[in-house]
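Below, each chain spelled out in residue letters.
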Amino acid sequence: MLSGPLRDSKRTAGVLRCCYRDFFYTPRHAELLHLRRKESIQLSARFAGLFVLVLMFAVPFWDGSFHVEMWSSQTFMMRLLVAGVAAAVIANRAVSSRWRRRFPYLPMLMLIVASALLCVFGGNDPLATDRMHSSHSFLVLGLVVMIAIMPVTLAEAGVLALPIVGLMVIGLQGGLETGLIPLEMILAVLVPLAIFSALVQLYRTVTAAHEIAIDPLTGCYTRAFGMEMIKVSFDGAMRKKAPFTVAFIDLDDFKQINDRYGHDYGDRILTEVGESLINRFRRSDLVVRWGGEEFLVLLPELDMVKAAEVLDRVMAPGLAALENGQVQKASVGLSERIADAIALPHNLIDLADRRMYEAKKRRDHEDMVAAGLSGRRHPARKSVAPCAASKVQSADQSVN
């Protein structure tokens, strides 16, 4: 049998893997999570840069390094270097945007390397006092604490800790003055704790994003997360000059189902509808529960013709099984970025919404099951693939 802490750690690791697997439904979703994580890491680095800059300007009043003989010393020069790196990190100019996207922890790594070099050169400077060495120790300890609040992976935390580990080795060999505080002993305790704390921050970031992004009833993505993904996907389509289609889906007569059978039965239908939509679309597509019985599907790199064909296949079997042996049907409206000449993502959604309501109005109400149950007695006419002259009209039809 596993002991309590070990069993809990294994359970936590399993939950983290599940959160990653569930959240990374498509590469685009993973891209958004990585974007949020990178923003958090870079924001933490800029906060660390502010801490370093303030400390570099404040400690001379405490350790008395304003003396004229110190201006040409190793300590003074290295402090100027550290302050310069901190200013560059705050201004977001420490590394190029390309390298920041690939390695978001690089600005923080530059701060740590510069601070470690300050400790090494200051520790071997004969003009430096114990108070100066202690100031450098506080600087490194502060950066270790900053690592603890960053949502970094184990590999990234290891890279950030390398300069500090090197500093500990130098201190243990007796070649580094650490002032009033035995820096290497404190770091030996704080560095592992900081790495563990950083992993906890990563776990919390992933789980929080998962809870915010996933609708607990349908398993689809929430409206808030869907809005973020629409912006990301729409901007990507514009950069690539690729088509981008949005499908607005509204379940037929769902209110009558709730009124007749109750909300528990309606929730079961919504759950089955969500599972059907998720399983029938591509992994690169995004299914969003927009509200109530409304769903939004993002179809990247699909034009209106192909999107209509896809929706026709998806809707043909019905989205859920009903009590009377019928199946849940839905009305659909389509809009496409290029064909409809739309420059803003919310306009794309609004157009698909209007077309869905127009399609719902054109439904043949004589085909509906008696007593108001959703479903049709006979298969409705399939949507005709739009052509140049009738693209918008066919996209407005209710797709089975």
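Residues numbered from 1 in each chain as written. Predicted model: local features only at pLDDT ≥ 70, side-chain atom pairs only at ≥ 80, totals over all residues. Heavy atoms only, no water.

Right, let's talk about the overall build of the protein chain for a bit. Summing up its helical and strand segments, the protein chain has 14 helices and four strands in all. Of all 400 residues assigned to the protein chain, the portion counted as buried reaches 49%. In the protein chain, once contacts between residues fewer than 6 apart in sequence are set aside, the share between residues at least 24 apart is 75%. When the accessible surface of the protein chain is totalled, it reaches about 19600 Å², and 61% of it is carbon and sulfur. (Helix = DSSP H or I, 4+ residues; strand = E, 2+ residues; numbered from the N terminus. Buried < 20%, exposed > 50% of the residue type's maximum accessible area, 1.4 Å probe, protein only. Contact = heavy atoms within 4.5 Å. Areas by Shrake-Rupley, 256 points an atom, 1.4 Å probe, with all protein chains shown as cover.)

Let's shift gears to the sheet that holds strand S4 (residues 330–336). Backbone-to-backbone hydrogen bonds join strands into a sheet, with any given pair of strands oriented parallel or antiparallel. Strand order in the open sheet formed by four strands is S2-S3-S1-S4, and the pairing between neighbours is antiparallel. Only two strands of the sheet have a single partner each, and these edge strands are strand S2 (286–291) and S4. Taken pair by pair, the neighbouring strands of this sheet meet at an average axis angle of 20°, ignoring direction. Where S2 and strand S3 (residues 294–300) come together, five bridges link them in antiparallel fashion. Bridge pairing in S3 links Val287 to Val297. Lying over the sheet, helix H13 (residues 345–361) contacts strand S1 (244–251), S2, S3 and S4, oriented at roughly 145° with respect to S4. (Pairing = 2+ DSSP bridges. Axes fitted to C-alpha atoms, helices over the stretch in contact; angles between N-to-C directions.)

Moving on, we get to the environment of Arg362. Checked against the element boundaries, Arg362 lands in the loop between H13 and helix H14 (391–395). Between the C-alpha atom of Arg362 and that of Ser331, which follows or precedes it by 31 residues, the distance is 9.8 Å.

Val52, Met108, Leu111, Ile164, Leu187 and Val191 are the most contacted members of the largest nonpolar core, which has 44 residues in total. If near-sequence neighbours (up to four positions away) are discounted, Leu187 is found in contact with Val140, Leu141, Val144, Ile164, Leu167, Met168 and Pro192. In terms of nonpolar packing, the next biggest core, distinct from the first, is built from 31 residues, Cys220, Phe254, Ile257 and Val273 among them. (Core = buried A, V, L, I, M, F, W, Y, C linked by side-chain atoms within 4.5 Å.)

A few words now on the pairing of S3. Every other side chain in a regular strand lies on the same face of the sheet, so the side chains alternate between the two faces. Burial of S3 is extensive: seven of the seven residues sit out of reach of the surface. Residue alternation in S3 divides its side chains into two sets, Glu294, Leu296, Leu298 and Pro300 and Phe295, Val297 and Leu299, and both sets are buried. In this sheet, S3 lies alongside S1 in antiparallel orientation, the contact comprising seven bridges. By the bridge assignment for S3, Asp250 is matched with Glu294. A loop of two residues connects S2 with S3, the two strands running antiparallel in sequence, and Gly292 in this loop sits at a positive phi of about 60°.

Another point: the packing of helix H3 (residues 74–90) against helix H5 (residues 106–123). For the pair H3 and H5, the least separation of the axes is 9 Å and the interaxial angle reads 170°. Comparing the axis directions of H3 and H5 gives the class roughly antiparallel. Two secondary-structure elements touch here, H3 through Gln74, Thr75, Met78, Arg79, Val82, Val85, Ala86 and Val89 and H5 through Pro107, Met110, Leu111, Ala114, Ser115, Leu117, Leu118, Phe121 and Gly122. Taken together, the residues of the contact of H3 with H5 sort by class into 12 nonpolar, four polar and one charged. (Parallel < 35°, antiparallel > 145°, perpendicular 65-115°, else oblique. Nonpolar A, V, L, I, M, F, W, Y, C, P; charged D, E, K, R; others polar.)

Phi at Glu301 is positive, roughly 65°, even though this residue is not glycine. In this fold, Glu301 is placed in the loop between S3 and helix H12 (304–315). With phi around 55°, Ala341 is a residue other than glycine that occupies positive phi space. Mapped onto the fold, Ala341 is located in the loop between S4 and H13. Ala341 gets classed as exposed once you look at its relative accessible area, which sits at 69%.

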